[in-house]
Amino acid sequence: MPERGLLLVVSGPSGAGKGTVIEELFRRRAGLFYSISATTRAPRPGEVHGEHYYFLSKEGFEQEIAHGNMLEYARYCENYYGSPRGPVEEKRAQGLDVILEIEVQGAMKVRHNCADAIMIFIMPPSVGELARRLRGRGTESEDVVRRRLETSKAEVQTASAYDYIVVNDEVERAARDVDCIITAEKLRSQRYTGGFLE
């Protein structure tokens, strides 16, 4: 039996660079699995079921909720979004460390539903740098950027509820910090499965 994998919940404001840090982490470390979310929205061109999202009907999603098969879920613009429990538990049982990249409210639900989840908050180095990154995308209006910055201030206030805070001032360093967190968590005495102490 392989050692059970970790569940890493990664959150942070829009523009903090969560996805970029996770991509760099995957380049550095083997044995990781990126959890795929489920949604009731229609697939966009090029999106593949089971690769980009699990696309479910509204009734199907609500059945999953009723059976306790969602680690967390929320409803936005008439559509459900959530994290299916089954694939996460399956990969952890195989010894893979599962990464769940979700927003703050969902993360708190996962912590409630999965006591051994490791909570990591990716913090931007400053409000000014976050604003620069959001505007640098060139994909959103100034009004949307301002709203995102206001939301980010509220999200940052929740960082103390996480186990770790990683400041993403430089992607390679932030990914290395997350890599170190994983190593340290695997070395916790509670996880020791060797025979010497038995």
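Residues numbered from 1 in each chain as written. Predicted model: local features only at pLDDT ≥ 70, side-chain atom pairs only at ≥ 80, totals over all residues. Heavy atoms only, no water.

**Thoughts on the packing of aromatic side chains**
Selection criterion: Aromatic pairing here means that ring centres of Phe, Tyr or Trp (its six-membered ring) are within 6.5 Å. Orientation follows from the plane angle: under 30 degrees is stacked, over 60 is edge-to-face, and everything else is tilted. Burial classification: accessible surface area is computed with a 1.4 Å probe over protein chains only, and a residue below 20% of its type maximum counts as buried, one above 50% as exposed, and the rest as partly exposed. Each helix is a run of DSSP H or I of at least 4 residues and each strand a run of E of at least 2, with the numbering of both proceeding from the N terminus.
Scanning the model with the defined rule gives 6 aromatic pairs in all. Ring geometry for Tyr-53 versus Phe-55: centroids 5.8 Å apart, planes at 50 degrees, classification tilted. Residue classification places Tyr-53 among the partly exposed positions, given a relative accessible area of 22%. With a centroid separation of 4.9 Å and an interplanar angle of 10 degrees, the aromatic rings of Phe-61 and Tyr-80 are classed as stacked. With Phe-61 in helix 2 (residues 58-66) and Tyr-80 in strand 6 (residues 79-84), this pair connects stretches of sequence that are 19 residues apart.

**So, the confidence of the model for the protein chain**
Keep this limit in mind: Confidence of the predictor at the level of single residues is captured by pLDDT, which takes values from 0 to 100.
For the protein chain, the mean per-residue pLDDT works out to 91, and 97% of the residues sit at or above 70. When mean pLDDT is taken per element in the protein chain, strand 9 (residues 164-167) scores highest with 98 and helix 5 (residues 127-137) scores lowest with 83.

**Concerning the pairing of strand 1 (residues 7-11)**
Our working definition: Note: two strands are recorded as paired if DSSP finds a minimum of 2 bridges between them.
Burial analysis of strand 1 places 5 of its 5 residues in the buried class, which makes it a mostly covered element. Because side chains alternate across strand 1, one face comprises the buried residues Leu-7, Val-9 and Ser-11, and the other comprises Leu-8 and Val-10, equally buried. Note that strand 1 and strand 7 (residues 97-101) share 4 bridges and pair parallel. Bridged to Leu-8 within strand 7 is Ile-99. Pairing geometry for strand 1 and strand 8 (residues 118-123), over 4 bridges, is parallel. Within strand 8, the residue paired with Ser-11 across the bridge is Phe-121.

**Digging into the side chain of Ser-11**
We count it as follows: Here a polar contact means two N or O atoms within 3.5 Å. Within protein one must be a hydrogen donor candidate and the other an acceptor candidate, and residues neighboring in sequence count only if both atoms are side-chain atoms. Contact between two residues is taken to exist if any of their heavy atoms lie within 4.5 Å; hydrogens are not considered.
Along the polypeptide, Ser-11 turns up in strand 1. A residue is classified by how much of its surface remains accessible, and Ser-11, at 0% relative accessible area, is buried. Of note is the side chain of Ser-11, whose polar atom sits 2.8 Å from the backbone oxygen of Ile-102. Not counting residues up to four positions away in its chain, the partners in contact with Ser-11 are Lys-18, Ile-102, Glu-103, Val-104, Ala-107, Ile-120, Phe-121, Ile-122 and Tyr-162.

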